[in-house]
Amino acid sequence: RRVLFRSLIFLMEELRMVKKQSKWFTKLIILFFALALGGLLITSCEKEKKAAAVAKELPPIKMGVVGPHSGDLASYGIPTIKAAKLVAARINALGGIDGRKIELVIEDDVCKPEVATNSATKVVGDKVNVVLGHICSGATKPALRVYKEANTIAMSPSATNPGLTQSGDYPNFFRTIASDDAQALLEVNFALDTLNLTKIAVIHDKGDYGKGLAEFAKGFLEKDSRGTVVLYEGVTPGAVDYSAVVQKIKRSGAEAVIFGGYHPEASKIVTQMRKKQMDTIFISDDGVKDDTFIKVAGKYAEGVYASGPMDTSTNPLAKEAVAAHKKEFQEEPGAFFLNAYSAALAMLNAIDKANSTKYEDIVNVLRNEYVATPLGIIKFDERGDAIGVGFSMYQVINGKYIENKK
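Counting starts from 1 at the beginning of each chain's written sequence and moves along it residue by residue. Given that the model is predicted, a residue must reach a pLDDT of at least 70 before its local features are reported, and side-chain atom pairs must reach 80 or more before they are shown or counted; all residues, however, enter totals for whole chains, interfaces and linings. Calculated side-chain values reflect all of the structure's heavy atoms, with hydrogen atoms and water omitted.

(A) Representation of the nonpolar core. The term nonpolar core refers to a set of buried residues drawn from Ala, Val, Leu, Ile, Met, Phe, Trp, Tyr and Cys, joined through side-chain atoms within 4.5 Å. A simple rule labels every residue: compare its accessible area, found with a 1.4 Å probe on the protein chains alone, to the largest value its type can have, and call it buried under 20%, exposed over 50%, or partly exposed in between. One finds Met63, Ile153, Met155, Tyr341, Leu348, Leu366 and Phe380 to be the most contacted residues of the largest nonpolar core, which totals 42 residues. Every helix listed is a DSSP run of H or I at least four residues long, and every strand listed is a run of E at least two residues long, numbered separately from the N terminus. Every element with two or more residues in this core is listed here: β1 (61-67), α3 (74-93), β3 (130-132), β4 (153-156), α12 (316-329), α13 (337-354) and α14 (359-368). Here the element with the most residues in this core is α13; it accounts for 12 residues. Once you skip the residues sitting within four places of it in the chain, Met155 turns out to touch Val131, Leu132, Gly133, Phe174, Arg175, Thr176, Ala343, Ala346, Met347, Leu366 and Phe380. Counting residues in hydrophobic clusters, the runner-up holds 29 residues, among them Cys111, Ala120, Leu164 and Tyr262. In what follows, residue pairs with any heavy atoms lying within 4.5 Å of each other are defined as contacts.

Below you can see the structure in the form of structure tokens.
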């Protein structure tokens, strides 16, 4: 286009110089340049159309987003969808990756193992390049078998069961959250060292996540002479009444409960404990460190402790991600939002740096190159765990989870 404009200016200057020449010669010159410029303009437009057509023909990079998007645990999964949408929109606004746009393939697994297998099969059938998810450890495990067979990478922002990485069974799995053994150790040390408690009841929901964490907590307590496990009990998820286990906790003389599981059961247990005038301290995990727990338990949530991902709110990328969420969705981000945002960034960054969507190339970048995320500058170890990511303890104070600095 610059050439066309310069040619036009040149033409105008030349015409001023031909005033002494005949009219027919001037007209001939104008006609010649008009035809020449018209030809250049048509050629330029055709090239632009061809370039646009080629860009449209490039296949998108597909990222599956799988988790609980409905049901009791939807508050854990929906923030991951929003994180994925924000990351995809940001990259697409910059032209995508090598001209390829990011396309999301979203599936709901309701945090149930049997549904998760079907969800994983669906996104694999849609030929996704990577998967952001799953959310619950119990649903993640069966889904990983599907992804492993399909040679597809999955990265979870929240599945903390240690065996998912430590067993070596799923080399295609990565996560941006620490595992339950680290979380359980933090909770036990907090109870013994910070709160100076000695009698602990350990309760779980019998699931891969909750029971796994509880077993680690029980093991750590049994190895430490300062603490005693006065009760170890499993409860049935979804039950209306937990008065039986609440009565057992009371009879055990426990000073605190360490609970492994999710907010629906935790909120009911805490509520029934407080209604029975029990002031037993309640300590739980990142499955309970969610605003939904506070909304459901109401005033009975006050004082509850829960472990959760370290507070990285002062990280510039975290501030940017949270601001983008507030602008787009007109609300504060939910559970595991920053972990999900970081996971999406890590996988897409790996595709970009590898200049490839091949499994081996993406894995190589994830394990060997650092990436800046809202969680910090991270990379992944040989097992798939994010290096430098950990947990903190929080307490509900005046209706909000506040990080405990002790």
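(B) Spatial organisation of the sheet that holds strand β9 (residues 281-284). Taken together, 7 strands build an open sheet; the order of strands is β7-β6-β8-β9-β10-β13-β14 and the sheet is mixed. Edge positions in the open sheet fall to β7 (228-234) and β14 (400-403), since each of these has one partner strand only. Put simply, the sheet's adjacent strands are angled 30 degrees from each other on average, direction ignored. Contacting β6 (199-204), β8 (256-260), β9, β10 (305-309) and β13 (391-397), helix α7 (residues 180-194) runs over the sheet at an angle of about 55 degrees to β13. Each pair of strands is called paired provided DSSP finds at least two bridges between the two strands. To get an axis, fit a line to the C-alpha atoms, keeping to the stretch in contact for a helix; angles then go from 0 to 180 degrees between the N-to-C directions.

(C) Examining the packing of aromatic side chains more closely. Working definition: a ring pair exists when centres of Phe, Tyr or Trp rings (six-membered ring for Trp) sit within 6.5 Å. Plane angles under 30 degrees give stacked, over 60 give edge-to-face, the rest tilted. The final tally for this structure, using the stated rule, is 8 aromatic pairs. Measuring from centroid to centroid gives 6.0 Å for Tyr76 and Phe336, while their planes differ by 50 degrees, and the two rings are tilted. Taken together, the residues span a long stretch of sequence, with Tyr76 in helix α3 and Phe336 in the loop between α12 and α13 at a distance of 260 residues. According to the relative accessible area criterion, Tyr76 is buried, its value standing at 1%. The residue whose ring lies beneath Lys218 is Tyr232, and the NZ or CZ to ring-centre distance is 5.4 Å. Placement of a positive charge over a ring is assigned whenever Lys NZ or Arg CZ falls within 6 Å of the ring centre and within 35 degrees of the normal to the ring plane. Here the guanidinium or amino end of Lys289 rests over the ring plane of Tyr394, the centre of that ring lying 4.5 Å away.

(D) Summary view of the packing of helix α4 (residues 113-125) against helix α5 (residues 137-149). Where α4 meets α5, the axes come as close as 8 Å, and the angle between the chain directions of the two elements is 35 degrees. α4 and α5 meet at a crossing whose hand is right-handed. Touching Pro113, Ala116, Thr117, Ala120, Thr121, Val123 and Val124 of α4 are Gly138, Ala139, Pro142, Ala143, Val146 and Tyr147, all from α5. When grouped by side-chain class, the residues that make up the contact of α4 with α5 number 10 nonpolar, 3 polar and no charged. Each crossing gets its hand from how the near helix is turned against the far one by less than a right angle, where anticlockwise is left-handed and clockwise is right-handed. All amino acids are sorted into three groups, where Ala, Val, Leu, Ile, Met, Phe, Trp, Tyr, Cys and Pro are nonpolar, Asp, Glu, Lys and Arg are charged, and the leftover types, Gly among them, are polar.

(E) Spatial organisation of unusual backbone geometry. In the segment running from Gly133 into His134, the intervening peptide bond is cis, with an omega of 0 degrees. Residue placement: His134 occurs in the loop between β3 and α5. If you check the backbone angles, Asn196 has positive phi at about 55 degrees while not being a glycine. Among the structural elements, Asn196 can be located in the loop between α7 and β6.

(F) Molecular detail of the pattern of salt bridges. Any Lys or Arg side-chain nitrogen located within 4 Å of an Asp or Glu carboxyl oxygen qualifies as a salt bridge. Throughout the structure, instances matching the rule amount to 13 salt bridges. For Lys326, the salt bridge is made with Glu332, and the minimal N-O distance between the two is 3.1 Å. Note on Lys326: relative accessible area 36%, which makes it partly exposed. Put simply, Arg175, Arg383 and Asp385 are held in one network by salt bridges that share partners.

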